[in-house]
Amino acid sequence: MSTNIASYIDHTLLKPDASREDVQRLCAEAVEYGFKSVCVNPVWVKTAVQALKGSPVLCCAVVGFPLGATPTDVKVFEARGAVEDGAAEIDMVINIASAQADDKDALVEDIAAVAAAVHDGEAILKVIIETALLTDEQKVLACQASVEAGADFVKTSTGFNGGGATVEDVKLMRATVGPDLGVKASGGVRSLEDAQAMIAAGATRIGASSGIAIVKGEQGQSDY
């Protein structure tokens, strides 16, 4: 595959004990290797934006992370703040219980409110459906809700809740959302072979903390 893998990668650091120096190092690596974005917790958006200034690398922030079990208005507040701080992309976690209860209306309401706030700031929204906790039918429902709510991407996983991306899930998500929405494979993607398999299955973005190992053709050791 001749694909420039680096341009697919959101270089990720979401550990709760990440330091300012860690985030600055992440950004320097992203610039050096040409990753699409860095993905950080909201508290580090300003630091990342400053470190990335003058480069084409975007800043992505997570919202409602990693559980998704915060009220919609809190997610909206968090997303709006991250965008105002300079985030170009927001990765939000759905209310997983709503998906497990087959409550599509609740999912749409949650996602649409965040999407409106994100789009007001001319940023894009990725929706984490946490595939490891859902049946195939629930994954489809969550993807359908994301489309209906105006999301720009669906994303497999946080990496914090017992499982990560699989080729089968990426294929299912791609088949559900069609050709126009992005699909992000995240969690457990630690090698070039992993990344290539996800892209072949329909992923248009890869979330990984092992981005450097991936582009070097090595084996990464951890997710976040």
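The rules behind each value
Residues numbered from 1 in each chain as written. Predicted model: local features only at pLDDT ≥ 70, side-chain atom pairs only at ≥ 80, totals over all residues. Heavy atoms only, no water. Helix = DSSP H or I, 4+ residues; strand = E, 2+ residues; numbered from the N terminus. Buried < 20%, exposed > 50% of the residue type's maximum accessible area, 1.4 Å probe, protein only. Patch = residues over 30% accessible without salt bridge, like charges linked within 9 Å, V, L, I, M, F, W, Y side chains within 5 Å. Areas by Shrake-Rupley, 256 points an atom, 1.4 Å probe, with all protein chains shown as cover. Salt bridge = Lys/Arg side-chain N within 4 Å of Asp/Glu carboxyl O. Lys, Arg positive; Asp, Glu negative; His and termini not counted. Charge placed at Lys NZ, Arg CZ, Asp CG, Glu CD. Axes fitted to C-alpha atoms, helices over the stretch in contact; angles between N-to-C directions. Parallel < 35°, antiparallel > 145°, perpendicular 65-115°, else oblique. Left-handed = near helix turned anticlockwise from the far one by under 90°. Contact = heavy atoms within 4.5 Å. Nonpolar A, V, L, I, M, F, W, Y, C, P; charged D, E, K, R; others polar. Pairing = 2+ DSSP bridges. Phe/Tyr/Trp six-rings, centres within 6.5 Å; stacked < 30°, edge-to-face > 60°. Lys NZ or Arg CZ within 6 Å of the ring centre and 35° of its normal.

**What to know about unusual backbone geometry**
Part 1: For the peptide bond that leads from Phe 65 to Pro 66, omega is 0°, which places it in the cis range.
Part 2: Take Pro 66: it is sitting in the loop between β3 (58–63) and α3 (72–84).
Part 3: One non-glycine residue, Asp 102, lies in positive phi territory at about 60°.
Part 4: Assignment of secondary structure puts Asp 102 in the loop between α4 (96–100) and α5 (104–120).
Part 5: Classification of Asp 102 as exposed rests on a relative accessible area of 51%.
Part 6: One non-glycine residue with positive phi stands out, namely Glu 122, at about 60°.
Part 7: Secondary-structure assignment places Glu 122 in the loop between α5 and β5 (124–128).

**Some remarks on a negative patch on the surface**
Part 1: There is a patch of like negative charges on the surface, built from Asp 102, Asp 103, Asp 105, Glu 109 and Glu 137.
Part 2: Within the secondary structure layout, Asp 105 lies in helix α5.
Part 3: The class of Asp 105 is exposed, set by a relative accessible area of 62%.

**Section: the packing of helix α6 (residues 136–149) against helix α7 (residues 167–177)**
Part 1: Where α6 meets α7, the closest approach of the two axes is 9 Å, and the angle between their N-to-C directions is 40°. As summarised for this structure, α6 and α7 are arranged oblique, according to the angle between their axes. Of the two elements, α6 crosses α7, and the hand of that crossing is right-handed. Across the interface between the two elements, Asp 136, Lys 139, Val 140, Cys 143, Gln 144 and Val 147 of α6 pack against Asp 169, Leu 172, Met 173, Thr 176 and Val 177 of α7.
Part 2: A breakdown of the residues in the contact of α6 with α7 according to their chemical character gives six nonpolar, two polar and three charged.

**Quick look at the pairing of β5**
Part 1: Within β5, four of the five residues are buried, leaving the element largely enclosed by the surrounding structure.
Part 2: Sheet topology places strand β4 (residues 89–93) next to β5; five bridges connect them, and they run parallel. Following the sheet pairing, Met 92 is matched in β5 by Val 127.
Part 3: As paired strands, β5 and strand β6 (residues 153–155) are joined by three bridges and run parallel to one another.

**Quick look at the packing of aromatic side chains**
We describe a pair of aromatic rings using the distance from one ring centre to the other and the angle between the two ring planes.
Part 1: Under the defined criterion, the tally for this structure stands at two aromatic pairs.
Part 2: Consider the rings of Tyr 33 and Phe 35, whose centres lie 5.9 Å apart with planes at 20°: the pair is stacked.
Part 3: Residue Tyr 33 is classed as partly exposed on the basis of its relative accessible area, which comes to 25%.
Part 4: Both rings, one in Phe 65 and one in Phe 160, keep their centres 5.3 Å apart while their planes meet at 85°; by these two values the pair is edge-to-face. Taken together, the positions of Phe 65 in the loop between β3 and α3 and Phe 160 in the loop between β6 and α7 put the pair 95 residues apart, joining distant regions of the chain.
Part 5: A relative accessible area of 18% means that Phe 65 is categorised as buried.
Part 6: Above the face of the Phe 153 ring, Lys 126 is positioned so that its terminal group lies 5.8 Å from the ring centre.

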